[in-house]
Amino acid sequence: MVRDKVVYIPYPVKGNRINEYTSNMVKLLKKDYSVLGNLAEPTDIFQMLQTKAVFLNWMENGLDKKLKLQLLLHKIFGAKIVWVFHNKQPHEVNEADITQKNVQWLAEISSIIMLHSKCSKKYIPHPKRNGRKAVYVPHVMYEEKNSYFDPEAVREKYGIEAEDFVFTIFGLVRPYKNIEGGIEAFTKLSEKNCKLLIVGQPMSSSYAKEIENLSKGNENIILDLKYISDEMLEAVLAVSDVVVIPYKSGSSMNSGVMIQAFSKGKTVIAPDIAMARDMRKTEFFYMYRSNLTEALKKAYGNGKEVNRAMGKAAMEYMQAYNNKELVYYSLCQLLNKRHA
């Protein structure tokens with residue numbers, strides 16, 4: 001029987017705000033497979049026999065007995081279980097003990113553990129036993145948006161002068177991203193023409209208030225705490241000099257923001273996480289271990305032109321090593337290779 005189906009969880013649904021990474025991965029898989037968003041019911045043996053693989057993203061908090069049974073049955077009937085190992089543990093844990101057991105269970109049940117950073121292999125649960133399942137697939141770069149924007153209008157919206165040096169934090173505003181640490185580090189800078197622009201939707205109104213209170217009184221911190229479209233993000237990045245990623249390293253291994261910034265030709269300041277360590281020999285971004293303020297000072301001291309050149313080099317790296325054709329080839333290799 002031809003295995004022409006792939007299950008991808010979570011599946012991007014029209015009408016919802018779609019994770020661009022998920023959407024890009026599904027598009028690549030659709031070149032060769034019919035991609036579904038749900039597992040077959042335990043009684044639907046025919047669909048399981050047609051399924052080539054099941055991709056699991058960010059499922060550590062969401063596994064229940066039925067899902068575990070479905071995954072076991074899919075594997076018994078020949079489907080590859082591909083666990084995408086995004087983080088050491090979920091950024092926001094509901095019940096720590098249960099979540100940790102789920103992480104262990106996924107590592108054991110999976111046929112393939114897909115990595116987006118080679119340095120993350122050592123964080124796989126029981127790496128001596130499960131490390132053999134690891135397969136590196138580059139994190140696909142983000143698409144260029146064909147949208148027009150007026151940089152001057154964006155600067156006017158945020159009160160940014162052309163000579164201002166702009167650090168930007170973007171994306172969903174959540175505690176694990178350590179926005180507070182980014183604000184604290186920035187406030188230690190003494191340069192008057194520096195701005196910190198924070199854009200994105202907060203997880204709650206109370207967390208938004210917390211960020212607002214931390215920024216109060218500093219006219220160089222600009223907040224736009226709401227959902228911004230892909231087109232508006234393009235405009236924001238166009239007036240930014242350096243993207244700041246102040247994540248706490250406890251759960252993080254990879255950063256979609258890092259790949260997105262590089263894809264748009266922007267350099268970043270990133271913590272010492274696995275994805276950054278993969279690229280540590282390059283010279284197109286700043287990596288720090290503990291002192292974010294020093295990294296901010298170094299980026300500022302390099303000036304706009306040097307950072308622009310670093311961003312250009314980062315984009316060229318993405319085009320060479322994270323392009324869609326290479327990711328598609330890696331997925332083909334992954335799906336057609338024999339694994340446990």
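This text gives an overview of the structure that appears in the document. (Residues numbered from 1 in each chain as written. Predicted model: local features only at pLDDT ≥ 70, side-chain atom pairs only at ≥ 80, totals over all residues. Heavy atoms only, no water.)

Moving on, we get to the environment of Gly-311. When you line up the elements, Gly-311 lands in helix H12 (residues 292–321). Since its relative accessible area comes to 0%, Gly-311 is described here as buried. Sequence spacing of Gly-311 and Val-243 is 68 residues, and the spatial spacing of their C-alpha atoms is 10.0 Å. Not counting the four nearest positions on each side in its chain, Gly-311 is found in contact with Phe-262, Gly-265, Lys-266 and Thr-267. (Helix = DSSP H or I, 4+ residues; strand = E, 2+ residues; numbered from the N terminus. Buried < 20%, exposed > 50% of the residue type's maximum accessible area, 1.4 Å probe, protein only. Contact = heavy atoms within 4.5 Å.)

Here strand E4 (residues 80–84) lies mainly inside the structure; five of its five residues are buried. Here E4 shows no split at all, with Lys-80, Val-82 and Val-84 on one side and Ile-81 and Trp-83 on the other all buried. Pairing analysis gives five bridges linking strand E3 (residues 51–57) to E4, with the strands arranged parallel. Following the sheet pairing, Ala-53 is matched in E4 by Lys-80. Traced from E3 through helix H3 (residues 65–76) to E4, the parallel crossover comes out right-handed. Two elements, E4 and strand E5 (residues 112–115), share three bridges in a ladder whose sense is parallel. In the strand pairing of E5, Val-84 is matched with Met-114. (Pairing = 2+ DSSP bridges. Right-handed = clockwise from strand over helix to strand, strands pointing away.)

Spatial ordering of the open sheet is given by E9-E8-E7-E10-E11-E12, a layout of six strands whose pairing is parallel. Among the strands making up the open sheet, the edge pair consists of strand E9 (221–224) and strand E12 (286–288). Geometrically, the sheet is characterised by an average inter-axis angle of 20 degrees between neighbouring strands, direction not taken into account. Here two bridges tie strand E7 (residues 165–170) to strand E10 (residues 242–244), and the two strands are oriented parallel to one another. (Axes fitted to C-alpha atoms, helices over the stretch in contact; angles between N-to-C directions.)

A few words now on the packing of helix H7 (residues 179–187) against helix H8 (residues 205–215). Between H7 and H8, the shortest axis-to-axis distance is 10 Å and the interhelical angle comes to 5 degrees. In terms of orientation, H7 and H8 fall into the roughly parallel class. Here Ile-179, Glu-180 and Ile-183 of H7 come into contact with H8, specifically with Tyr-207, Glu-210, Ile-211, Leu-214 and Ser-215. Of the residues in the contact of H7 with H8, the class split is five nonpolar, one polar and two charged. (Parallel < 35°, antiparallel > 145°, perpendicular 65-115°, else oblique. Nonpolar A, V, L, I, M, F, W, Y, C, P; charged D, E, K, R; others polar.)

Scanning the entire structure with this criterion turns up twelve aromatic pairs. Their ring planes at 75 degrees and their centres at 6.4 Å tell us that Phe-167 and Phe-186 sit as a pair that is edge-to-face. One end of the pair, Phe-167, is in strand E7; the other, Phe-186, is in helix H7, and 19 residues separate them in sequence. Taking relative accessible area as the criterion, Phe-167 reaches 0% and is therefore assigned buried. Judged by centre distance (4.8 Å) and plane angle (45 degrees), the ring pair of Tyr-317 and Tyr-321 falls under tilted. Here Tyr-317 pairs with Tyr-321, and both are found in helix H12, just four residues apart, close to one helical turn. Among the aromatic side chains, those forming a connected cluster through ring pairs are Phe-262, Phe-284, Phe-285, Tyr-317 and Tyr-321. Here the guanidinium or amino end of Lys-68 rests over the ring plane of Trp-105, the centre of that ring lying 5.3 Å away. (Phe/Tyr/Trp six-rings, centres within 6.5 Å; stacked < 30°, edge-to-face > 60°. Lys NZ or Arg CZ within 6 Å of the ring centre and 35° of its normal.)

Moving on: the nonpolar core. Counting 83 residues, the largest nonpolar core has Phe-55, Met-114, Phe-167, Met-258 and Ile-269 as its most contacted members. Broken down by element, this core gets its largest block of residues, seven residues, from H12. Those residues in contact with Phe-55 that sit more than four places away from it in its chain are Val-6, Val-7, Tyr-8, Ile-9, Leu-29, Val-82, Val-84, Met-114, Leu-331, Leu-334 and Leu-335. Residues Leu-56, Leu-63, Ile-113 and Leu-115 belong to the second largest nonpolar core, which totals 20 residues. (Core = buried A, V, L, I, M, F, W, Y, C linked by side-chain atoms within 4.5 Å.)

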